[in-house]
Amino acid sequence: MWILLIIFLFCLSFTLSIKLKFKNYKINLKEILTKDKTSLFLTLGTKIGVGSLIGTTSSIIIGGFSSVIWMILFSFLATSIIYVESYFGNKYKKENKNNYVGGPYFILRYGLNKKILSIIALILLIVIYSFLFQMIQMNSIGYLLELLNIKKIIIIIISILVLIITFSLSIDEVLSSLNKIVPIMCILFLVVSIYGIIKNIDLININIFLKDITNSKSILTGLIIGIKRSIFMNELLIGTTSTGSASDKNDLKTSINYQILSVYFIGIFITIIITLLLLIYMSTNDIINNYNLLLTGVYTQILGKYGLYFLLTLYILFGFTTILSGYYIGKNNIEYLTNNKKILSIFKIIFISFVVSGILFKSNFLWNLVDNLIFIMIIINSYSIIRLIKCKKEKI
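Residues numbered from 1 in each chain as written. Predicted model: local features only at pLDDT ≥ 70, side-chain atom pairs only at ≥ 80, totals over all residues. Heavy atoms only, no water.

1. Some remarks on the overall build of the chain
The test is simple: Helix numbering and strand numbering both begin at the N terminus, where a helix is a DSSP run of H or I of at least 4 residues and a strand a DSSP run of E of at least 2. Think of it in three bands: residues with accessible area under 20% of the maximum for their type are buried, residues over 50% are exposed, and the middle band is partly exposed, with areas taken using a 1.4 Å probe on protein chains only. Here a residue-residue contact requires only that any non-hydrogen atoms of the pair lie within 4.5 Å.
Helix and strand counts for the chain come out as 18 helices and 2 strands. On the principal axes, the C-alpha backbone points of the chain span a range of 60 × 50 × 40 Å. Burial analysis of the chain (396 residues in total) assigns 58% to the buried set. Pairs at least 24 residues apart make up 86% of the contacts formed inside the chain by residues separated by at least 6 positions.

See the structure below:
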């Protein structure tokens, strides 16, 4: 089924690129970086999670280096879908106190008047992003902490305390926190990783890459794995793009450009950096079939005994900003729909339960569960944008 969906998304991306006259590839960095960056940092906080690191790593483990080529190519092509998602997310947003709220629910409810489907989309968004994605963050963080011989019960207690403190934050305070943390984590990742690449540039064995991408089996496997991982890393048609765009207080053009900028940074730039680091590692080591251990080996090679601690720092920063974003998305949507404090309290309890329990589950189980739900969410969101463009003849 995923193969059929990938073919569909490939065709949809290409068709939308033509309809947009390829303006989805253009961004004016000088112009947009002078604007308010709250929605940019929310988007990066939403999409840069532990999955940004393990996405490329696991793709190479399964599909070889040819998957990287497809990840990058499809990320470029998928900017057309990101463009349209951003457009409709911004168009159908609603005011919520001093901020805006939007996303799949609002597009379906106010764009297509699909009441039942809008509720289903909202429930799926909260389950997928606010709950399950956060379980994956904690699962990976917990794995590295266990390598440091820290017991699970200690991790769980600390996690609960951090989450309780997080719940005291208002929507404005959550956004303010993301504005501070996201730039720091991005700069830290870039500086250390690029330093490692420059320091070990002579170890990059390009022949490993070239040999792999010319292998027919790797090309076919890499195509499916690479595009699928690109969908995950860019969170294509999951709902976070339209949600992030809706939160923007800037003009529509800036809002869309921020979303596309996030694709270039996550789907392309981070992918290239992790690929180069893996090529350095593989020049002297065999590939490991566990993405957490492989990333640990990569950063240990460039940072020595501090490699594990640096990777753990990245996991915590990437994971925490994703958790903050997940809480923001759930809380903002619920507060718009109801003022009932009991419902919000129930959401908080469920949120804590899911996040903390991520430590206890196996990563394969979590990924398979997310796989199936995302498949449904992509179909719903594809339906909404196609209907709005084709039947209502929306101009984008």
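2. A look at the packing of aromatic side chains
To be explicit about the condition: Side-chain rings of Phe, Tyr and Trp, where Trp is taken by its six-membered ring, are said to pair if the distance between their centres is within 6.5 Å; with planes under 30 degrees apart they count as stacked, over 60 as edge-to-face, and otherwise as tilted. Here, a charge over a ring is recorded when the distance from Lys NZ or Arg CZ to the ring centre is within 6 Å and its angle to the ring normal is within 35 degrees.
Tallied over the full model, the rule gives 19 aromatic pairs. The interplanar angle of 55° and the centroid separation of 5.7 Å between the aromatic rings of Phe 76 and Tyr 264 together place this pair among those described as tilted. Of this pair, Phe 76 sits in helix H5 (residues 66-77) while Tyr 264 sits in helix H14 (residues 252-282), placing them 188 residues apart in sequence. Note on Tyr 105 and Phe 106: the rings are 5.0 Å apart at their centroids and 90° apart in plane angle, and the pair reads as edge-to-face. The pair Tyr 105 / Phe 106 is uniform in exposure class, with both members buried. Aromatic rings pair up to connect Phe 131, Tyr 327, Phe 347, Phe 351 and Phe 354 into one cluster. Here the basic side chain of Lys 94 rests over the ring of Tyr 110, its NZ or CZ set 4.4 Å away from the ring centre.

3. Describing helix H17 (residues 341-357)
Put simply, the test is: Multiply 1.5 Å by the residue count of a helix minus one, and that product is the helix's expected span. Under the rule applied, a polar contact is a pair of N or O atoms within 3.5 Å (in protein, one hydrogen donor and one hydrogen acceptor; residues adjacent in sequence only if both atoms are side-chain atoms).
Here H17 contains 17 residues, and its C-alpha end-to-end distance of 24 Å stays within 8% of the 24 Å for a straight helix at 1.5 Å per residue. Within H17, the full set of buried residues consists of Leu 344, Phe 347, Phe 351, Ile 352, Val 355, Val 356 and Ser 357. For H17, the secondary structure elements touched by its buried residues are helix H8 (115-147), helix H9 (152-166) and helix H16 (307-337). Capping the start of H17 is the job of one residue whose side-chain oxygen sits 2.8 Å from the backbone nitrogen of Lys 342: Asn 340.

4. So, unusual backbone geometry
Excluding glycine, most residues fall at negative phi; most peptide bonds, likewise, are trans. The phi dihedral of Phe 22 is positive, around 65°, even though this residue is not glycine. We classify Phe 22 as partly exposed; its relative accessible area is 40%. The residue Asn 113 is not glycine, and still its phi comes out positive at about 60°. With respect to the helices, strands and loops of the structure, Asn 113 is situated in the loop between helix H7 (104-111) and H8.

5. Some remarks on the pattern of salt bridges
Put simply, the rule is: Within this document, salt bridges are pairs made up of a side-chain nitrogen of Lys or Arg and a carboxyl oxygen of Asp or Glu, the two lying within 4 Å of each other.
Taken as a whole and judged by the stated rule, the model has 3 salt bridges. Taking the shortest distance from any N to any O, the salt bridge between Asp 251 and Lys 35 comes out at 3.0 Å. Remark: Lys 35 occurs in the loop between helix H2 (29-32) and helix H3 (38-47) and Asp 251 occurs in the loop between helix H13 (240-246) and H14; sequence separation between them is 216 residues. Of the residues examined, Asp 251 reaches a relative accessible area of 33% and is grouped as partly exposed.

6. Overview of H7
With 6 of 8 residues buried, H7 lies mostly within the body of the structure. Where H7 is concerned, the buried positions are Pro 104, Tyr 105, Phe 106, Ile 107, Leu 108 and Gly 111.

7. Section: the side chain of Lys 47
For clarity, the cut-off: By the counting rule applied here, Lys and Arg register as positive and Asp and Glu as negative, while His and the ends of each chain are not counted.
Along the chain, Lys 47 falls in helix H3. Buried and without a salt bridge, Lys 47 has Glu 235 as its closest oppositely charged side chain, separated by 5.7 Å. A distance of 3.3 Å separates a polar side-chain atom of Lys 47 from the backbone oxygen of Asn 234. Those residues in contact with Lys 47 that lie beyond four places of it in its chain are Ser 52, Ile 82, Met 233, Asn 234, Glu 235, Thr 240, Thr 241, Gln 259, Ser 262 and Ile 266.

8. Observations concerning the packing of helix H4 (residues 50-63) against H5
Note the threshold: Angles shown run from 0 to 180 degrees and are taken between the N-to-C directions of axes, each axis being a line fitted to C-alpha atoms and, for helices, limited to the stretch in contact. Convention used here: angles under 35 degrees read as roughly parallel, angles over 145 as roughly antiparallel, angles from 65 to 115 as roughly perpendicular, and any remaining angle as oblique. Each residue receives one of three labels: charged for Asp, Glu, Lys and Arg, nonpolar for Ala, Val, Leu, Ile, Met, Phe, Trp, Tyr, Cys and Pro, and polar for the others, Gly being one of them.
Two numbers describe how H4 lies on H5: the axes approach to 8 Å, and their chain directions differ by 130°. It follows that H4 is oblique to H5 by the angle criterion. Listed contacts from H5 to Thr 56, Ser 59, Ile 60 and Gly 63 of H4 are Ser 66, Ser 67, Val 68 and Met 71. When its residues are assigned to classes, the contact of H4 with H5 shows 3 nonpolar, 5 polar and no charged.

9. Concerning the environment of Gly 244
Mapped onto the fold, Gly 244 is located in helix H13. Residue classification places Gly 244 among the buried positions, given a relative accessible area of 4%. As for Gly 244 and Tyr 100, which are separated by 144 residues in sequence, their C-alpha atoms are 9.8 Å apart. Non-local contacts of Gly 244, meaning those with residues more than four positions away in its chain, are made with Ser 39, Leu 42, Thr 43 and Gln 259.

Purely geometric stuff here, so don't read any function into it on its own.
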